There are 2 protein chains.
Amino acid sequence: MTGTLYGIGVGPGDPELITLKAHRILQEVPVIAWPAPLEGESMARRIAATHLPGGQTEIAIRMPLSVDRFPVEVVYDEAAETLAGHLTAGRDVAVLCEGDPFVYGSFMYLFARMAERFPVGVVPGVSSLTAGAAALGAPLAARNDVLSVIPAPLPEAMLERRLADADAAVIIKVGRHLAKLRRVLARLDLADHARYVEYATMPEQTVQPFATISADAAPYFSLVLVHRRGDAWR
Amino acid sequence: MTGTLYGIGVGPGDPELITLKAHRILQEVPVIAWPAPLEGESMARRIAATHLPGGQTEIAIRMPLSVDRFPVEVVYDEAAETLAGHLTAGRDVAVLCEGDPFVYGSFMYLFARMAERFPVGVVPGVSSLTAGAAALGAPLAARNDVLSVIPAPLPEAMLERRLADADAAVIIKVGRHLAKLRRVLARLDLADHARYVEYATMPEQTVQPFATISADAAPYFSLVLVHRRGDAWR
């Protein structure tokens, strides 16, 4: 009797924005795993904390923040083997995923290594994209808008081309790309159509016009939302 | 004491994919409202049904399926007045929204009419976009992919241009636009990269390669997911 691997979307930050299904599975599984930086807190673990019954085996998947390919592959290979041991022994394993497991999440790297060997169940969650829109109090997209989700690490020219063509856009992975993004939005005359959200639905949540941000780096949990027609939904 | 208007994301279909927060608010409010076709069932009401305590005032917002501008405006104007009556009398009102309230949802039309007059709280939900990816067992987007959410009612040339430029795409509002979409995907040589999901997370859920669909119309609750590199997430 092989165990099942669950990818559990724990939602964007507010622990109350977890689904009933995710909550139930977290009560039932003997093993949980969660991503974390090499040192410091796992945000996924923090979001899920109040929903864990205690007494579970916990596996930290600690990842260097640098994006060098080699060590990342090794970390996922090793994590996959650890999880496979539990699954082979018949124990279900839940991997905690910030937001939704299949929206730019690291769960996909475990999924790629394990989906052919073990039964996998993916529990979708509230993603930071819609949490950001709720925090702003403005629709993400309306009517026949094309909505573009654009990673800020793209090269500057590509970022500009994508934003120039977007009706509505969410810019993710802002991090250290804030200065580049500021230049691009200014050239496109879109800075006044852009708003910045940090830690949506968490106690630290802040929302402000993009034009008022002066820093050159943003935390990982930040988004910039752009809508060409500011009140398109009216 | 004015009541609060809540836009409640009830999730994509499986009643267990509602959030704890949405569930709590549905227990507490004296008035709920939900969109429905002129005749027949409200999908939002059906999804939320097992979470309603009973005894609440229920307001149906019934909408003709035709998209003529005039009657739609009248329906929202009238619904807004009805809800305003409850809010002015101090009663909280929860509007049930399929998926997430701010992802192409009709809630935005009520929001536009009421946000300046009454306190509004938006509770984000699991959207059909991520539910579709979970149903397919494939990530929606990965790494530095640009994810495009593209409404199928767009004119054929525009639909083609948008799809030609997409790393990963979710095509929404497929409905009677299936034949047009089939032509576009064939011209772009993307038909074999496209998969079709109907009623994701509901008992009626079906998933199949797009190329095997022969109908010319799809139900409202259907999506087509396209990824240029089929296994980009591996």
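The model shown is predicted, which means the values in this text are computed figures rather than measured ones. Numbering of residues begins from 1 in every chain and follows the order in which that chain's sequence is written. As a convention, the first chain written is A and the first ligand written is 1, with the rest following in written order. Local features in this predicted model are restricted to residues of pLDDT 70 or higher, and side-chain atom pairs are both shown and tallied only at a pLDDT of 80 or more, whereas totals for entire chains, interfaces and linings draw on every residue.

J.: Hey, could you go over unusual backbone geometry for me, with residue numbers and the actual values?
T.: The backbone of A:Lys173 sits at a positive phi, close to 55 degrees, despite the residue not being glycine. Under the scheme used here, helices are H or I runs from DSSP no shorter than 4 residues and strands are E runs no shorter than 2 residues, and both carry numbers assigned from the N terminus. In this fold, A:Lys173 is placed in the loop between strand E7 (168–172) and helix H7 (178–187).

J.: Lay out the interface of chain B and chain A with the relevant residues and their values.
T.: One frequently used descriptor of interface size is the decrease in accessible area upon assembly of the parts. If you look at the interface, chain B gives 42 residues, while chain A gives 41 residues. Examining the composition of the side of chain B that touches chain A, we find that five residues originate from one element, strand E6 (residues 147–151) of chain B, more than from any other. Think of it as three bins: nonpolar holds Ala, Val, Leu, Ile, Met, Phe, Trp, Tyr, Cys and Pro, charged holds Asp, Glu, Lys and Arg, and polar takes everything else, Gly as well. Looking at the side of chain B that touches chain A, its residues break down into 27 nonpolar, nine polar and six charged. By definition, two strands form a pair when at least two bridges between them are found by DSSP. Note: strand E6 (residues 147–151) of chain A against E6(B), three bridges, orientation antiparallel. Residue pairing for E6(B): A:Ser148 is matched across the bridge by B:Ser148. For every residue pair, C-beta atoms are placed from the backbone, and the pair is scored as a contact if these atoms sit within 7 Å.

J.: Tell me what's going on with the nonpolar core, and back it up with residues and numbers.
T.: Each nonpolar core reported here comprises buried Ala, Val, Leu, Ile, Met, Phe, Trp, Tyr and Cys residues connected via C-beta atoms within 7 Å. Think of it as a crowd count around each C-beta: if 20 or more other C-beta atoms lie within 10 Å the residue is buried, if 12 or fewer it is exposed, and in between it is partly exposed, with C-beta placed from the backbone throughout. Grouped together as the largest cluster of nonpolar side chains are 162 residues, with contacts concentrated most on A:Ile8 and B:Ile8. Not counting residues up to four positions away in its chain, the partners in contact with B:Ile8 are B:Ala22, B:Ile25, B:Leu26, B:Ala94, B:Val95, B:Leu96, B:Cys97 and B:Val123.

J.: Go over the packing of helix H6 (residues 156–164) of chain B against helix H7 (residues 178–187) of chain B, please, and point to the residues and values.
T.: Residue and element names in this part refer to chain B. Direction vectors running N to C along H6 and H7 enclose 45 degrees, while the axes themselves pass 10 Å from each other. The angle between H6 and H7 falls in the class oblique. H6 and H7 meet at a crossing whose hand is right-handed. Contact residues: Glu156, Leu159, Glu160 and Leu163 in H6; Lys180, Val184 and Arg187 in H7. Fitting a line to C-alpha atoms yields each axis, with helices limited to the stretch in contact; the angle taken between N-to-C directions then spans 0 to 180 degrees. Throughout, the term roughly parallel applies to angles under 35 degrees, roughly antiparallel to angles over 145, roughly perpendicular to angles from 65 to 115, and oblique to all others. Crossings are assigned a handedness: left-handed for a near helix turned anticlockwise from the far helix by less than a right angle, right-handed for a clockwise turn.

J.: Report on helix H1 (residues 20–28) of chain B, specifying residues and quantitative values.
T.: B:Lys21, B:Ala22, B:His23, B:Ile25 and B:Leu26 are the residues of H1(B) that are buried. Looking at the buried positions of H1(B), the neighbouring elements they touch are helix H1 (20–28) of chain A together with strand E1 (5–9), helix H2 (43–48), strand E4 (93–97) and strand E5 (120–123) of chain B.

J.: Can you explain the relation of the copies chain B and chain A? Please cite residues and give values.
T.: The copies were overlaid with a least-squares fit restricted to C-alpha atoms from residues scoring a pLDDT of at least 70 in each copy. Take chain B, turn it by 180 degrees, move it 0.0 Å along the axis, and it overlays chain A with an RMSD of 0.0 Å. Each copy turns onto its partner about a two-fold axis. By residue overlap, the copies meet face to face through one surface: 98% of the interface positions of chain B are interface positions in chain A.

J.: A description of the sheet that holds strand E2 (residues 31–37) of chain B should follow, citing residues and the corresponding values.
T.: Residues and elements named next belong to chain B. Taking strand neighbours across the sheet as the criterion, the five strands line up as E3-E2-E4-E1-E5 in an open arrangement whose pairing is parallel. With partners counted over all chains shown, the strands left at the sheet margins are strand E3 (57–63) and E5, one partner each. Neighbour to neighbour, the strand axes of the sheet diverge by 20 degrees on average, direction disregarded. Relative to E4, E1 is paired through five bridges, and the arrangement is parallel. Its bridge partner being in E4, isoleucine 8 is matched across the sheet by leucine 96. The strands touched by H1 within the sheet are E1, E4 and E5, with E1 carrying the most contacts at an inclination of about 135 degrees.

J.: Give a description of the confidence of the model for chain A that names residues and reports values.
T.: On a range of 0 to 100, pLDDT expresses the predictor's confidence in each residue. Per-chain confidence: chain A averages 93 in pLDDT, with 95% of residues scoring 70 or above. Interface scoring of the predicted complex returns ipTM 0.95; its pTM is 0.95.

J.: Tell me about the sheet that holds E7(A), and please be specific about residues and values.
T.: The ten strands are arranged E9(A)-E8(A)-E10(A)-E7(A)-E6(A)-E6(B)-E7(B)-E10(B)-E8(B)-E9(B) in an open sheet whose pairing can be described as mixed. Looking at which strands have only one partner, the edges of the open sheet turn out to be strand E9 (206–209) of chain A together with strand E9 (206–209) of chain B. Here the average twist between neighbouring strands, direction ignored, is 15 degrees. Relative to strand E10 (residues 222–227) of chain B, strand E7 (residues 168–172) of chain B is paired through four bridges, and the arrangement is antiparallel. Bridged to B:Ala169 within E10(B) is B:Val226. Against the sheet, helix H5 (residues 128–136) of chain B engages E6, E7, strand E8 (194–198), E9 and E10 of chain B, with an angle of about 70 degrees to E10(B).

J.: Break down the pairing of E8(B) for me, with residues and values.
T.: Residue and element names in this part refer to chain B. Most of E8 is tucked away, with five of its five residues classed as buried. By the alternation rule, side chains of E8 split into Ala194, Tyr196 and Glu198 and Arg195 and Val197, which are all buried. The sheet contact formed by E8 and E10 spans five bridges and is antiparallel. Counted as the bridge partner of alanine 194 is valine 226 from E10.

J.: Tell me what's going on with the environment of B:Val149, and back it up with residues and numbers.
T.: Relative to the elements of secondary structure, B:Val149 occurs in strand E6. The sequence separation of B:Val149 and B:Ala166 amounts to 17 residues, and the corresponding C-alpha distance is 9.3 Å.

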